[in-house]
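Geometric and topological summary
Listed below, chain by chain, are the residues.
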Amino acid sequence: MRGGMCVKVQIPGRPQLLGNTPEEILEGLMELGFMDPPSSSPESYVEHLAGQLSSRFGVEVDRDGDLADRAEAVIYALASVGQLDVLED
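What you are looking at is a predicted structure, and each value in this text was computed from that prediction instead of being measured. (Residues numbered from 1 in each chain as written. Predicted model: local features only at pLDDT ≥ 70, side-chain atom pairs only at ≥ 80, totals over all residues. Heavy atoms only, no water.)

Looking at the confidence of the model for the chain
For the chain, per-residue confidence averages 90 on the pLDDT scale, and 92% of positions sit at 70 or higher. Considering each helix and strand of the chain separately, the mean pLDDT is smallest for strand 3 (residues 85-88), with a value of 86, and largest for helix 2 (residues 42-57), with 96. Confidence drops under a pLDDT of 50 for residues 1-5, and excluding neighbours within four residues, the segment shows 10 contacts in the predicted structure. (pLDDT = per-residue confidence, 0-100. Helix = DSSP H or I, 4+ residues; strand = E, 2+ residues; numbered from the N terminus. Contact = heavy atoms within 4.5 Å.)

If you want it as structure tokens, here you go:
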């Protein structure tokens, strides 16, 4: 993710580590049912998470760019509000 670092993400209280790319992390979050994915589409899931950040936490994220950029923004925003733990190597 940022600067090409190897990043792992964890849902607080759960043992699973998800990572390395934003797309892989999204896929793992979807499989775990994190924040009730509306479909199996990564694009719609990123939009759903961005909407949850806005409505539940008052955090707006950049919704422009490719899927990896949008996923990265959402993942770091979720970490900033305590919904995910980001572990950087």
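What to know about the packing of helix 1 (residues 22-32) against helix 2
Running from N to C, helix 1 and helix 2 cross one another at 80°; their axes reach a closest spacing of 11 Å. Taken together, the axes of helix 1 and helix 2 lie roughly perpendicular to each other. Along its contact with helix 1, which presents L26, L29 and M30, the element helix 2 presents P42, Y45, V46 and L49. Looking at the contact of helix 1 with helix 2, its residues break down into seven nonpolar, no polar and no charged. (Axes fitted to C-alpha atoms, helices over the stretch in contact; angles between N-to-C directions. Parallel < 35°, antiparallel > 145°, perpendicular 65-115°, else oblique. Nonpolar A, V, L, I, M, F, W, Y, C, P; charged D, E, K, R; others polar.)

Focus on helix 2
Compared with an ideal rise of 1.5 Å per residue, which puts 16 residues at 22 Å, helix 2 spans 21 Å between its outermost C-alpha atoms and is within 8% of the ideal. Here helix 2 has its buried residues at Y45, V46, H48, L49, A50, Q52 and L53. Elements that come into contact with the buried residues of helix 2 comprise helix 1 and helix 3 (67-80). Directly after helix 2, the chain includes G58, whose backbone phi takes a positive value near 70°. (Expected span 1.5 Å × (residues − 1). Buried < 20%, exposed > 50% of the residue type's maximum accessible area, 1.4 Å probe, protein only.)

What about the side chain of Q52?
On the secondary structure map, Q52 appears in helix 2. Judged by relative accessible area, which is 19%, Q52 ranks as buried. For Q52, the residues in contact, after removing those within four places along its chain, are M35 and F57.

With respect to unusual backbone geometry
Even without a glycine there, the phi angle at M35 is positive, about 55°. Mapping M35 onto the fold places it in the loop between helix 1 and helix 2. Note on M35: relative accessible area 12%, which makes it buried. Residues other than glycine seldom take positive phi values, yet D36 does so here, at roughly 45°. You can see D36 is positioned in the loop between helix 1 and helix 2.

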